[in-house]
Amino acid sequence: MSTPTIGVLALQGDVREHLTALESVGAHAVSVRRPAELAAVDGLVLPGGESTTIDKLLRIFELRDLLQARIKEGLPVYGSCAGMILLADRILDGTADQQTVGGMDVVVRRNAFGRQVDSFETDLDLVGITDGGPVRTAFIRAPWIEEAGRDVEVLARIPAVDTQGRPVAAAGRIVAARQGPLLATAFHPEITGDTRVHGLFVGMVAGG
């Protein structure tokens, strides 16, 4: 596969930013709103946004069942922030009627890092990205992975101190993971200008 076609679920969230990042690392990026569009892609990005809203819109647009089926068939999917919640088999602190698409054997705590005012940026070492040093990451009302199954590879944890050397309360929490063709991050790489996470995902889609 020379140039994979990767869709970005375009129901809510940072759609344009993901499309731009994917194109910059060699993918053919398209918006996905309809079942036919989902059926035609080689991989899919579930963007950040509001997980409860995206969950409801997936059902309204008749995409949820098809997405679950494609994940079971092995479709590579990358979920960032709200997308991580949607990929989780189990969530904590969700709303009463909230559902996930599932596929990744993790327990994710929704809004684990607190409110919008508690958003922050930090540099993280991420397994699978060896060139260019730590990855610049942005956390906005972010979740974290509370528990990961035996087949889940942990790619990044919150460091013990921030870039100013101050202790971090959430030190050790899992914020990036991979299980087979599924990739999830609690942070938003699409808004920092660091496209290496997108490059990692494009490599996964292309069979790397």
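Right above here is the structure, for reference.
Note that the coordinates shown come from a computational prediction; the quantities given were computed from them, not determined experimentally.

Draft legend 1. Quick look at the overall build of the protein chain. A count of helical and extended segments in the protein chain gives six helices and 12 strands. Taken over C-alpha atoms, the radius of gyration comes to 16 Å for the protein chain, in line with the 17 Å a tight globule of 208 residues would show. When the 208 residues of the protein chain are sorted by exposure, 50% land in the buried category. Partitioning the contacts of the protein chain with sequence separation of at least 6, the portion at a separation of at least 24 is 66%. In the form shown here, the protein chain has an accessible surface area of approximately 9,200 Å², with 48% of it arising from carbon and sulfur atoms. Charge separation in the protein chain, taken as the distance between the mean sites of 20 positive and 26 negative side-chain charges, equals 4 Å.

Draft legend 2. Summary view of the nonpolar core. Counting 65 residues, the largest nonpolar core has Leu-58, Leu-67, Leu-126, Phe-139 and Val-175 as its most contacted members. Among the elements that take part in this core, helix α6 (residues 196-205) stands out by supplying six residues, more than any other. Setting aside its immediate chain neighbours within four residues, Leu-58 contacts Leu-9, Leu-11, Leu-63, Arg-64, Leu-67, Leu-86 and Val-101.

Draft legend 3. Geometry of helix α1 (residues 15-24). Every buried residue of α1 is listed here: Val-15, His-18, Leu-19, Ala-21 and Leu-22. Buried positions in α1, seen along its axis, are confined to an arc of 165 degrees and lie on one side of it. Within α1, the exposed residues directed more than 90 degrees away from the buried face are Arg-16 and Thr-20. Against β1 (5-9), β2 (28-32), β3 (43-46), β4 (77-80) and α6 lie the buried residues of α1.

Draft legend 4. A look at the pattern of salt bridges. Evaluation of the coordinates by the stated rule reveals 11 salt bridges. For Glu-146, the salt bridge goes to Arg-109, with nearest N and O atoms at 3.1 Å. Linking Glu-146 in strand β9 (residues 144-148) with Arg-109 in strand β6 (residues 104-109), this pair joins segments that are 37 residues apart in sequence. Under the relative-accessibility criterion, Arg-109 is labelled partly exposed at 23%. In this structure, a network of salt bridges that share partners links the residues Asp-93, Arg-109, Glu-146 and Arg-173.

Parameters and conventions
Residues numbered from 1 in each chain as written. Predicted model: local features only at pLDDT ≥ 70, side-chain atom pairs only at ≥ 80, totals over all residues. Heavy atoms only, no water. Helix = DSSP H or I, 4+ residues; strand = E, 2+ residues; numbered from the N terminus. Rg over C-alpha atoms; globule rule 2.2 N^0.38 Å. Buried < 20%, exposed > 50% of the residue type's maximum accessible area, 1.4 Å probe, protein only. Contact = heavy atoms within 4.5 Å. Areas by Shrake-Rupley, 256 points an atom, 1.4 Å probe, with all protein chains shown as cover. Lys, Arg positive; Asp, Glu negative; His and termini not counted. Charge placed at Lys NZ, Arg CZ, Asp CG, Glu CD. Core = buried A, V, L, I, M, F, W, Y, C linked by side-chain atoms within 4.5 Å. Arc of directions from axis to C-beta. Salt bridge = Lys/Arg side-chain N within 4 Å of Asp/Glu carboxyl O.

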